[in-house]
Amino acid sequence: MKLLVTGGAGFIGSHFIKYMLKNHKNYKIVNLDLLTYAGNLETLKDIENDENYSFMQGDIADEKLINDLFEAERFDIVINFAAESHVDRSLTNPGLFLKTNVLGTQILLDAARRHKISRYHQVSTDEVYGDLPLDKLDLFFSESTPLNPSSPYAASKAAADMLVSAYYRTYQMPVTISRCSNNYGSYQFPEKFIPLTIIHALSNRPIPIYGNGLNVRDWLYVEDHCSAIDRILHRGKPGEVYNVGGHNEKSNIELAMFILNELGKEESLLSYRQDRLGHDLRYAIDSCKIQKNVGWMPRCPFECGLRKTIKWYVENETWWKNVLLRDDPNR
Ligand SMILES: NC(=O)c1ccc[n+]([C@@H]2O[C@H](COP(=O)([O-])OP(=O)(O)OC[C@H]3O[C@@H](n4cnc5c(N)ncnc54)[C@H](O)[C@@H]3O)[C@@H](O)[C@H]2O)c1
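So, here's what we can say about the structure. Small disclaimer: the values here were computed from a predicted structure and weren't measured.

Each value, and the rule that gives it
Residues numbered from 1 in each chain as written. Predicted model: local features only at pLDDT ≥ 70, side-chain atom pairs only at ≥ 80, totals over all residues. Helix = DSSP H or I, 4+ residues; strand = E, 2+ residues; numbered from the N terminus. Rg over C-alpha atoms; globule rule 2.2 N^0.38 Å. Contact = placed C-beta atoms within 7 Å. Buried ≥ 20, exposed ≤ 12 C-beta atoms within 10 Å, placed from the backbone. Arc of directions from axis to C-beta. Pairing = 2+ DSSP bridges. Axes fitted to C-alpha atoms, helices over the stretch in contact; angles between N-to-C directions. Near = placed C-beta within 6 Å. Core = buried A, V, L, I, M, F, W, Y, C linked by C-beta atoms within 7 Å. Parallel < 35°, antiparallel > 145°, perpendicular 65-115°, else oblique. Left-handed = near helix turned anticlockwise from the far one by under 90°. Nonpolar A, V, L, I, M, F, W, Y, C, P; charged D, E, K, R; others polar. Expected span 1.5 Å × (residues − 1).

## Thoughts on the overall build of the protein
The helix and strand inventory of the protein stands at 11 helices and 12 strands. The C-alpha atoms of the protein give 19 Å as radius of gyration, which agrees with the globular expectation for 331 residues (20 Å, within 12%). With the C-alpha coordinates aligned to their principal axes, the bounding extent of the protein is approximately 55 × 45 × 35 Å. Here the analysis covers contacts within the protein between residues at least 6 apart in sequence; of these, 83% occur between residues at least 24 apart.

Shown next, in the form of structure tokens:
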């Protein structure tokens, strides 16, 4: 079985490649990644010589490159992680998000269709559903919740999901989509909330909190997301969407306080900022369908996963310092 994983030098894609190499010894994986600011080959050091793994630098929106790659490699399965993934960056440069997240997806879909691959999997996000009110805790996103994205990032992911579904309906392509809640774990770029909070706390720098900090996110340990995608590839039904979540709803302030307590730091480090434009209030995922139909369950309890993550950032200062320097050499 030969897999194309796009965006495999990023946070979740790199975990997924390691997970698949460990759990499927007979799979060959090609990792195609543009190595934007979020992609990092340091993250893949421990597998770079694995005979079942190879890396290629390239853009999913480069049609010729994609066509040549599919012609040369004859993939069985495509898993598309490649994306511009940070909401704040989408507020200042929406065009880049459309190019990578929408056009890139269409180019991959066309190549996958031409080569009659047996499965195309799109890694999507719960952000395509928009948000839920803070005071109705019995409301959750299900797979039939209408798409109602708030940010250019979420809109680009929703557009890509619609394309993927249209390729199923129009061409009967064997596609699946997963919509996952917020992930956390090692090797996450330090612009995202959990690593940013840990790193700022470690360096005694102010920790930015948008608005009043009461916005709620549903958190999932990254390896649980990887196992969900693995299950969907093997047991999921073509044409279906699967929500993936951990039922770990936490407000930003709760999460920041947990991290401060773990690191023995003062609450005075919290620094309240003007709210993010269009900031979603609450995300909460109903993942009954994947549990019932595909047999997936999250394994990592939230506090245990978060402690492991904090420990990893404490012990891997060189990784995150290099990442930050690469992003901004004047730092
Ligand atoms: N992080 C989360 O909490 C979360 C939750 C749900 C879904 N997702 C989705 O999972 C996927 C991966 O997210 P992540 O957090 O690992 O993101 P990330 O930003 O850490 O990684 C994205 C990777 O894609 C690569 N990339 C960007 N543009 C590319 C292009 N044009 N061609 C090829 N490669 C390109 C980058 O170099 C990087 O390695 C995304 O599609 C995201 O929407 C993320």
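## Section: helix α8 (residues 252-262)
Turning to α8, its buried residues number three or more, namely N252, L255, A256 and I259. When α8 is viewed along its axis, its buried side chains cluster within an angular range of 95 degrees and face the same direction. Packed against the buried residues of α8 are α6 (193-202), β8 (207-210), β11 (249-251), β12 (270-273) and α10 (302-315). Two residues or fewer after α8 comes G264, characterised by a positive phi angle close to 65 degrees.

## What about the sheet that holds strand β9 (residues 216-221)?
Read across the open sheet, the 3 strands follow the order β7-β9-β11; overall the sheet is mixed. Both edges of this open sheet fall to β7 (182-184) and β11, since each of them pairs with a single strand only. Averaged over all pairs of adjacent strands, the angle between their axes in this sheet comes to 50 degrees, without regard to strand direction.

## Considerations on the site of the ligand
Around the ligand sit 30 residues in total, of which G7, G10, A38, G39 and A83 are the nearest. Broken down by secondary-structure element, the contributors of at least two residues to the shell around the ligand are α1 (11-23), α4 (94-114), β5 (119-125) and β7. Here the shell around the ligand gets 3 residues from one element, more than from any other, and that element is α1.

## Section: the nonpolar core
If you look at the biggest cluster of nonpolar residues, it comprises 85 residues, and the most contacted ones within it are V5, F16, V78, F81 and I229. Looking at which element gives the most residues to this core, the answer is helix α5 (residues 152-171), with 8 residues. Those residues in contact with V78, other than ones at most four positions away along the chain, are L4, L108, A112, I117, Y120 and H121.

## Describing the sheet that holds strand β4 (residues 77-80)
One key point about sheets: their strands pair by backbone hydrogen bonds, in either a parallel or an antiparallel sense. Taken together, 7 strands build an open sheet; the order of strands is β3-β2-β1-β4-β5-β6-β10 and the sheet is parallel. At either margin of the open sheet sits one strand with a lone partner, and together these are β3 (53-57) and β10 (241-244). Strand-to-strand twist across the sheet, computed as the mean angle between neighbouring axes with direction ignored, equals 20 degrees. Of the pairings in the sheet, the one linking strand β1 (residues 2-6) to strand β2 (residues 28-33) comprises 5 bridges and is parallel in character. Note that in β2 the partner of L3 across the bridge is I29. Sheet contacts for α5: β5 and β6 (175-180); angle to β5, the most-contacted strand, approximately 155 degrees.

## Details of the environment of Y313
Structurally, the position occupied by Y313 is in helix α10. A sequence separation of 119 residues divides Y313 from I194, and the C-alpha atoms of the two residues are 10 Å apart. Residue contacts for Y313: discarding those within four places in its chain leaves P195, I198, I199 and W320.

## Digging into the pairing of β9
Summarising burial for β9: 6 of the 6 residues are buried, a large majority. Burial along β9 is two-sided: the face carrying V216, D218 and L220 and the face carrying R217, W219 and Y221 are both buried.

## A closer look at unusual backbone geometry
Although it is not a glycine, L35 sits at a positive phi angle of roughly 55 degrees. Here L35 lies in the loop between β2 and β3. Of note, the phi angle at Q172 is positive, near 55 degrees, even though the residue is not glycine. Relative to the helices and strands, Q172 resides in the loop between α5 and β6.

## Brief notes about the packing of α6 against α8
Packing of α6 against α8 brings their axes to within 10 Å, and their N-to-C directions diverge by 40 degrees. Regarding the angle of α6 to α8, the classification is oblique. In the packing of α6 onto α8, the handedness of the crossing is right-handed. The segment α6 lies against α8, with F193, I194, T197, I198 and A201 engaging N252, L255, A256, I259 and L260. Tallied by class, the residues present in the contact of α6 with α8 amount to 8 nonpolar, 2 polar and no charged.

## A look at α5
For α5, which comprises 20 residues, the first-to-last C-alpha distance of 28 Å matches the rise-based estimate of 28 Å (1.5 Å per residue) to within 8%. Packed against the buried residues of α5 are α3 (87-92), α4, β5 and β6.

## A look at the packing of α4 against α5
Viewed as axis vectors pointing N to C, α4 and α5 meet at an angle of 15 degrees, and their least axial separation amounts to 8 Å. With respect to their mutual orientation, α4 and α5 come out roughly parallel. The hand of the α4/α5 crossing is right-handed. Here P94, F97, L98, N101, V102, T105, Q106, L109 and R113 of α4 lie close against α5, whose contacting residues are P152, Y153, S156, K157, A159, A160, L163, V164, Y167 and Y171.

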